[in-house]
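# Survey of secondary and tertiary structure
Spelled out from the first residue to the last, the chains are:
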Amino acid sequence: MDNKGSVMDIETRTIGKTDISVTKLGFGGAPLGAVGDYLNPESVNQILDTAWDGGIRYFDTAPLYGHGLSEKRLGGYLSNKTRDDFVLSSKVGRLLVPEKEGERFAGMRDHEPVAIQYDFSASGVRRSLEDSLTRLGLDRVDILLCHDIDTWTHHEQQPEIYRAAAEGALPEMHRMREEGLVRAIGLGVNESAVCTRVLKEFDPNCFLLAGRFTLLEQEPLDEMLPLCLDRNVSVIIGGPYNSGLLTNVERRRATYDYKPVPDDLWDRAQEIKSVCQAHSTDIRAAALQYPLQHQAVAAVIPGVISVEETNENLELVNREIPESLWIDLAENGLLREW
């Protein structure tokens with residue numbers, strides 16, 4: 001169910017069977033923490049001002065991002081806004097504990113004096129949300145996502161992690177939804193297989209899927225997305241640029257899943273870019289808009305580290321793209337149709 005929002009011309013879309021409406025372009029809050037002290041408070045507020053003034057009203061964060069720094073920064077900004085004017089999602093599954101009791105996540109550049117401890121128990125979920133609300137300085141989170149219970153994150157330990165979540169976190173999140181503590185529940189993960197499994201075993205409202213349904217790869221079309229349509233479950237797309245592969249022009253600077261790019265994926269990205277250029281289309285606009293064409297997709301939430309990137313995304317998400325581009329990409333075996 002889609003509708004045209006009055007919010008600065010950004011279309012809004014409804015999350016599954018809920019009454020939550022999100023702007024189709026959301027704000028991925030990971031860089032607010034991941035860049036840490038390299039992104040100073042003044043820059044953070046300028047970026048968030050640009051997003052808000054541009055009409056973005058859906059914001060995502062997590063305890064992982066900067067070991068709580070993203071939640072603090074985002075909550076500090078949003079606490080000055082009318083609470084019903086925006087939608088916020090955060091995540092559970094990682095508690096922030098004293099440094100000696102957990103492990104620091106190497107991908108973050110913050111200097112928060114805490115570490116991470118996995119906890120997918122029922123009590124851990126309750127504590128995680130309470131802690132997040134304290135860091136955010138807000139009265140509620142609208143969408144609560146169980147974070148990273150996928151093989152992508154845990155490798156051979158994933159069956160054990162999934163079992164813990166299936167016995168603890170996920171049932172407790174259902175109870176929290178029934179109690180009205182949160183309005184929607186789901187997963188925030190980097191692969192579609194675990195989403196498909198949860199769809200069959202639980203009753204989620206949405207999934208935040210990072211990097212897997214993009215201009216570069218469309219494996220979720222096999223099972224996850226059709227099942228989401230059948231169950232009226234929404235999908236939020238994180239990492240629409242595949243962590244920079246679809247935007248970088250320099251091979252040495254490009255990454256895929258935040259690691260060096262394999263040759264075959266670099267070559268495929270260059271082929272996609274060539275077709276986009278032939279249709280006078282910026283590949284970034286195509287990357288933002290492609291997943292939004294699927295009925296199950298409610299929003300894309302790229303992460304940004306500057307005012308310039310924020311303004312670019314606001315313009316690119318609404319830029320006109322010729323239908324011939326999608327046809328040409330499909331005919332060249334670079335894009336799957338559905």
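Residues numbered from 1 in each chain as written. Predicted model: local features only at pLDDT ≥ 70, side-chain atom pairs only at ≥ 80, totals over all residues. Heavy atoms only, no water.

### Remarks on the nonpolar core
Core analysis: the biggest nonpolar cluster contains 88 residues, and Phe 59, Ile 149, Leu 187 and Leu 215 have the highest contact counts within it. Core analysis: the second largest hydrophobic core is formed by 14 residues, Ile 15, Val 22, Leu 208 and Ile 236 among them. (Core = buried A, V, L, I, M, F, W, Y, C linked by side-chain atoms within 4.5 Å. Buried < 20%, exposed > 50% of the residue type's maximum accessible area, 1.4 Å probe, protein only.)

### Some remarks on the pairing of strand E10 (residues 184-189)
Extensive coverage of E10 is indicated by the burial of six of its six residues. Both strand E9 (residues 143-147) and E10 contribute to a ladder of five bridges, which runs parallel. Bridge pairing in E10 places His 147 opposite Gly 188. Of the pairings in the sheet, the one linking E10 to strand E11 (residues 206-210) comprises four bridges and is parallel in character. Within E11, the position partnered with Gly 188 by the bridge is Leu 208. For the segment spanning E10, helix H7 (residues 193-201) and E11, crossover handedness is right-handed. (Helix = DSSP H or I, 4+ residues; strand = E, 2+ residues; numbered from the N terminus. Pairing = 2+ DSSP bridges. Right-handed = clockwise from strand over helix to strand, strands pointing away.)

### Regarding the pattern of salt bridges
Using the criterion set out here, one finds 31 salt bridges in the structure. Here Asp 222 makes a salt bridge to Arg 336, at a shortest N to O gap of 2.7 Å. With Asp 222 in the loop between E11 and helix H8 (224-231) and Arg 336 in the segment after helix H12 (323-331), this residue pair connects regions lying 114 residues apart in the sequence. Taking the relative accessible area as the measure of exposure, Asp 222 reaches 53% and is therefore exposed. Each of the salt bridges in this network shares a partner with another, and the network as a whole consists of Asp 19, Arg 83, Asp 84, Asp 139, Arg 140, Asp 142 and Arg 183. (Salt bridge = Lys/Arg side-chain N within 4 Å of Asp/Glu carboxyl O.)

### Side note on the packing of helix H9 (residues 263-278) against H12
Where H9 meets H12, the axes come as close as 10 Å, and the angle between the chain directions of the two elements is 145°. In the packing of H9 onto H12, the handedness of the crossing is right-handed. In this structure, H9 contributes Ile 272, Val 275 and Cys 276 to the contact, and H12 contributes Leu 325, Asp 328 and Leu 329. Its residues assigned to classes, the contact of H9 with H12 shows five nonpolar, no polar and one charged. (Axes fitted to C-alpha atoms, helices over the stretch in contact; angles between N-to-C directions. Left-handed = near helix turned anticlockwise from the far one by under 90°. Contact = heavy atoms within 4.5 Å. Nonpolar A, V, L, I, M, F, W, Y, C, P; charged D, E, K, R; others polar.)

### Some thoughts on the packing of aromatic side chains
To describe a pair of aromatic rings, you give the distance between the ring centres and the angle between the ring planes. Overall, the coordinates contain eight aromatic pairs when judged by the stated rule. The interplanar angle of 40° and the centroid separation of 6.0 Å between the aromatic rings of Tyr 290 and Trp 326 together place this pair among those described as tilted. Of the two residues, Tyr 290 is situated in helix H10 (residues 283-292) and Trp 326 in helix H12; the sequence distance between them amounts to 36 residues. On the basis of relative accessible area, Trp 326 is assigned to the buried category, the value being 9%. Counting every residue linked through ring pairs, the aromatic cluster contains Phe 27, Trp 52, Phe 59 and Phe 86. Taking NZ or CZ as reference, Arg 57 lies 3.7 Å from the ring centre of Trp 52, over its face. Positioned over the ring face of Tyr 38 is Arg 109, at 5.3 Å from the centre of the ring. (Phe/Tyr/Trp six-rings, centres within 6.5 Å; stacked < 30°, edge-to-face > 60°. Lys NZ or Arg CZ within 6 Å of the ring centre and 35° of its normal.)

### Remarks on helix H6 (residues 158-178)
Since the α-helix advances by 3.6 residues per turn, residues separated by three or four positions end up pointing in the same direction. Here H6 spans 28 Å end to end across 21 residues, near enough to the 30 Å set by a 1.5 Å rise per residue. Along H6, the sharpest kink reaches roughly 45°, centred on Ala 165. For H6, every residue scored as buried is listed here: Gln 158, Ile 161, Tyr 162, Ala 165, Gly 168, Ala 169, Leu 170, Glu 172, Met 173, His 174, Met 176 and Arg 177. Among the structural elements, strand E6 (87-92), helix H4 (122-136), E9, helix H5 (151-154), E10 and H7 are those in contact with the buried residues of H6. Looking one or two places after H6, you find Gly 180, whose phi comes out positive at around 85°. (Expected span 1.5 Å × (residues − 1). Bend = angle between axes of the 7 residues up to and from the residue.)

### Looking at empty space enclosed by the protein
Applying the stated criterion to the full structure yields one cavity of 30 Å³ or more. Estimates place the volume of the largest cavity at around 50 Å³. Lining the largest cavity we find Leu 25, Gly 26, Phe 27, Ile 56, Pro 302, Val 304, Thr 310 and Asn 313. (1 Å grid on protein atoms, 1.4 Å probe; cavity = no way out; pocket = protein on both sides within 12 Å on 5 of 7 lines; lining within 4 Å. Points joined across faces, edges and corners; volume = space filled by probe spheres on them.)

### Comments concerning the sheet that holds strand E15 (residues 297-301)
Strand pairing in a sheet is mediated by backbone hydrogen bonds. Such pairs are either parallel or antiparallel. Read from one edge to the other, the open sheet built from eight strands follows the order E4-E5-E6-E9-E10-E11-E12-E15, with strand pairing classed as parallel. Of all strands in the sheet, those bounded by a partner on one side alone are strand E4 (27-28) and E15. Where E6 lies against E9, four bridges are found, and the strand directions are parallel. The partner of Val 92 across the bridge, within E9, is Cys 146. Together, E6, E9 and E10 form the strand contacts of H6, whose direction differs from that of E9 by roughly 180°.

### Some details on the packing of helix H3 (residues 69-78) against H4
With their axes 7 Å apart at the nearest point, H3 and H4 run at an angle of 55° to one another. Here H3 is positioned oblique relative to H4, judged by the angle of their axes. Counted together, Glu 71, Lys 72, Gly 75 and Gly 76 of H3 and Ser 132, Arg 135 and Leu 136 of H4 form the full contact between these two elements. (Parallel < 35°, antiparallel > 145°, perpendicular 65-115°, else oblique.)

What is shown is where atoms sit, not what they do.
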